[in-house]
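Single-letter residue listing:
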Amino acid sequence: MDLFLCIPLGDDSQRESSPFINSDNDREPYYEGKNMALFEEEMDSNPMVSSLLNKLANYTNLTQGVREHEEAENEEGVRRVAVMVPQMGTFIGVYLPCMQNILGVILFLRLTWIVGTAGILGSFAIVSMCCICTLLTAISMSAIATNGVVPAGGSYYMISRSLGPEFGGAVGLCFYLGTTFAGSMYILGTIEILLTYIVPTATVFKGTDDEARLNNMRVYGTCCLVLMALVVFVGVKYVNKLALVFLACVILSIMATYAGVIKTMIEPPEFNVCLLGNRSLSNEKFETCAKTQIVKNQTVTTELWSIFCNSKYPNATCDEYFTLNNLTEIQAIPGLLSGVIKENLWGDYSPAGMYIENKDQPSVQLLDTPIDTDKPYVFNDITTYFTLLVGIYFPSVTGIMAGSNRSGDLRDAQRSIPIGTIMAILTTSFIYISCVVLFGACIEGVVLRDKFGYSVKKNPVIGILAWPSPWVIVIGSFFSCCGAGLQSLTGAPRLLQAIARDGIIPFLQVFGHGKANGEPTWALLLTVGICEIGILIASLDAVAPILSMFFLMCYLFVNLACAVQTLLCTPNWRPRFKFYHWTLSFLGMSLCLSLMFISSWYYALVAMVIAGCIYKYIEYKGAVKEWGDGIRGLSLNAARYALIRLEEAPLHTKNWRPQLLVLCKLDSDLSVKHPRLLSFSTQLKAGKGLTIVCSVLEGTYMTRGNEAKTGEQNLKAAMASERMKGFSHVVVSSNLRDGFSLLIQSAGLGGMKHNAVLMAWPTGWTQARDSSARRNFIETVRETTAAQQALLVAKNIDHFPSNQERLKEGTIDVWWIVHDGGLLMLLPFLLNQHKVWRKCKMRIFTVAQMDDNSIQMKKDLQMFLYHLRLDAEVEVVEMHDSDISAFTYEKTLVMEQRSQMLKQMQLSRNEREREVLKLTLHKKSLLLMTLDPLYTLNTASHSTMTDKAAGATPDRVHMTWTKEKLIHERNKHREGMGVKDMFNMKPEWENLNQSNVRRMHTAVKLNEVVVKKSQNSQLVLLNMPGPPKNKKGDENYMEFLEVLMDGLDRVVLVRGGGREVITIYS
């Protein structure tokens, strides 16, 4: 296989099209020698392969992890970034970071409660759905991450370069918000552990109610957030140094949990739960689970008696439920072999404020008694249902992007990312599923449903299972949450900085700046502000579904990106990871979408609205980026499919819309000469058809190629200023006539070809010294007719309204003389759709001859317009036969005199050209004769042939040619030119061409009527008569049109394409 490598030059915006990242624009000359001299002129743009391979071998990239950027400036002021050579392998670089990000606060604080509430089977379903979702996403992510280098930005970079800046920006910001709210969740988890298990007395707001607890969370959470932000601001290297410590805490906590499970088989822990009837009691304020106890052979009441009765004496009045039910003490952790797994198979959902009860325990229930929150019962703090648990659990499986975010730190990223990420997901999935089963098999149901461990001396439920002590879990989970919070506060600002530096969202550009060493200071401040919102919510259970939405949306688009790229089969889609398929990506995408709505349908809608608003904002105001994304490829495929479908069947009249080819003229500066032509095109685009704006430059493409590109850019700029959607093209041709002909024949593609040509009236054709403008116009009319295309010719185009003007009143007058497809009827309707012409009324005039019934014609026309669903005033103008006026004869005479003069002037010009040609050939023959006398014979024969070819007179060219002879020959034919004969002609009307007289009569009479009726209208639409079939009458054709439009300001001549464009049928 032959391999051709090319390195395009350019600025940073072109960097991604290069085969390597670190392309230096200030390259040193590196070519010496003669071996490659054939290619030496192309070395600047196409370097030698050896140079390219050398750059690839020396490739380095900035670390995208959390290592600190240490930058220095050299004497020229150019930044030099000190980077380390990537050294990390799969285990250290991908596997462990993913494990650390996936395992966290939900495992230690909420998994036991989820198992107790949903049951083992329900929890297994939740964990399986979430883990399968992340596994499928990891497969898609691995395919994208191994399809080239993934620089800074991680998942944002992958999505934006695969789905385009609009999707990339929207999903990148959603991922940023998800990471930021994850920081809030980890900080809330840290404070919950601190205030519930470590120092429960260190509360600012005293009280046992939920409001005091939430306020304490807000105060301590804000302090913790500020402290973590300071650590990140001072330097993330401290976060790096603690990363292994945090990971070790997680691993030790999990090992302690498994060790505790094994120990329950030998000796269950000494933790008991006290039940009153079947209700679980919080045993924080009492030691003995009994109403009375014997002390020194005396029966005395316990602390529980004092709590439920009004005094400590046996004859006190007690709570009725306390009196009717017995106290029972059961083991909190019966052990793996106890058979408690059967009781925990099914879920137990209940509303907020309900008692946590053991359904198998006997109890005497009281009817119609309110819930007593003052007694030490254990209550549900929130209403529980399956979908809520899904939203709370899902954050525990996020963090799969940690490997791809560190791609620059890896020795072989394309090998390490798939293996490390998928292995980490499989490992954590095993841990979660095994924990679900083991928790349900070891722990009593009422204890599992006790979220904060009130019934077991306010210990974490997973802590009482762990061995050797609950403090292993408490300390381990505390540091784990601290580390995860620091990681979120470190990663989120860098993600926002990557988005801001891409420049796709203008208002975020300030967040692309940072400290001198590259730390994103402003982005960190915004992150802290958003994170504070999550902390003010103060509930881990309320924050978790929010970040679940944002992460699920990010994963959804990762799967979509992989599916799109796979289905498009683009040549650049060559992932090294081969174990992917578009069906897996589509399944993962569907699962992400389902989980979004399962978790919280209103949060899902809010997340989608946020992403949609960002998408539309980037589409409207964002920078234009070409990243070779899949959406653009999808558009190309869709366009190709649509074009092929359009070719399969002819277009129906109901689908007809004006597809305009706008023939635009450029001035000497290559700027648009008539910008109002583009405005008028925009106003006609209510039909939403195709628009191609074209122009022709005279010359050759080799000499004027750059001018053609400049002209095309100027056309695009003019179209953008008019907010005109369409295409622009400038061609270079040897003459304008051929260029226009080429455009009329070949512009467009397949079914998206133009069906109408719009051009400006050649105003200066009467003053032009040559007839090229006239000939070009007439030939364009003929070619559009031959191609069955409509033609619109706008006179006084510079007087037409711009797109910013609003015509307050007036009429659009249609003069319907002949029917050539109905385009005349359709144009005013299309113009009325635009805000410029919206207040103008439509009037239709038609002409009745002597034999026509004008009253019936008006009724028929009104009925026809009614069926066409067009609102217009109708007027029938009667034009009776009349004698041809003297004015008409005078007009015809002047026209024919002008035509004759133009012919004579053209003849004179041709004669002069032939004389110069003769003189040039004679000089060449004299020179050759002096060199070679044998050339004389050839000269004579050649002169004869040249004279015949040029149609010259048979006079021989004498060898004794003098200046006087030259002047005599030049003036010989001029003296008998015929100009004097033309001026001596008598204006005898009977000698005029009667066909021309009749045509002029029609033009004059029709013009009189049009001016009388429509002189004050905003726009006049007229049928355009076709040019004469005999080209000898071309000179007169332009005169007829001038007379027809005389005295009118804004006129559009309309010539139909020969097919119906409007129908009365639905």
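The rules behind these values
- Residues numbered from 1 in each chain as written.
- Predicted model: local features only at pLDDT ≥ 70, side-chain atom pairs only at ≥ 80, totals over all residues.
- Heavy atoms only, no water.
- UniProt positions renumbered as here; feature names shortened; annotations may be inferred.
- Disulfide = S-S within 2.5 Å.
- Helix = DSSP H or I, 4+ residues; strand = E, 2+ residues; numbered from the N terminus.
- Buried < 20%, exposed > 50% of the residue type's maximum accessible area, 1.4 Å probe, protein only.
- 1 Å grid on protein atoms, 1.4 Å probe; cavity = no way out; pocket = protein on both sides within 12 Å on 5 of 7 lines; lining within 4 Å.
- Points joined across faces, edges and corners; volume = space filled by probe spheres on them.
- Nonpolar A, V, L, I, M, F, W, Y, C, P; charged D, E, K, R; others polar.

An unreviewed UniProt entry annotates the chain as Solute carrier family 12 member 7a of Dicentrarchus labrax. In its Subcellular location (unreviewed entry) section, the UniProt entry covering the chain states "Cell membrane". We quote the UniProt Catalytic activity (unreviewed entry) comment for the chain here in full: "K(+)(in) + chloride(in) = K(+)(out) + chloride(out)".

Asker: With reference to specific residues and values, describe the state of the cysteines.
Answerer: As used in these notes, a disulfide is a covalent bond between sulfur atoms, one from each of two cysteines. For the coordinates displayed, the defined rule picks out two disulfides. Paired through a disulfide, Cys-274 and Cys-289 show a sulfur-sulfur distance of 1.9 Å. Between Cys-274 and Cys-289, the S-S torsion sits near 80°, and that sign places the bridge as right-handed. Taken together, the residues span a long stretch of sequence, with Cys-274 in strand β3 (residues 272-276) and Cys-289 in the loop between β4 (279-280) and β5 (292-295) at a distance of 15 residues. Taken individually, Cys-274 and Cys-289 each receive the classification buried, so the pair is uniform in this respect. Note on cysteine connectivity: Cys-309 is disulfide-linked to Cys-318, with sulfurs 1.7 Å apart. Between Cys-309 and Cys-318, the disulfide has an S-S torsion of 100° and is therefore right-handed. Looking at Cys-309, the relative accessible area reads 8%, which means it is buried. The connectivity of the disulfide-linked cysteines in the chain, indexed sequentially, is 1-2, 3-4. Sulfur of Cys-481: no disulfide; nearest cysteine sulfur belongs to Cys-482 and is 7.2 Å away. For the unlinked cysteine Cys-664, the closest cysteine sulfur is that of Cys-694, found at 9.5 Å.

Asker: Residues and numbers for empty space enclosed by the protein, please.
Answerer: Counting across every chain of the model gives six cavities of 30 Å³ or more. Taken as a whole, the largest cavity encloses approximately 60 Å³ of empty space. Every residue along the wall of the largest cavity is listed here: Val-232, Phe-233, Leu-489, Pro-493, Arg-494, Lys-515, Glu-519, Pro-520, Thr-521 and Leu-524. Those elements that provide at least two residues to the lining of the largest cavity are α6 (210-234), α15 (470-502) and α16 (521-537). The element contributing the most residues to the lining of the largest cavity is α15, with three residues. Counted by class, the lining of the largest cavity contains six nonpolar, one polar and three charged residues.

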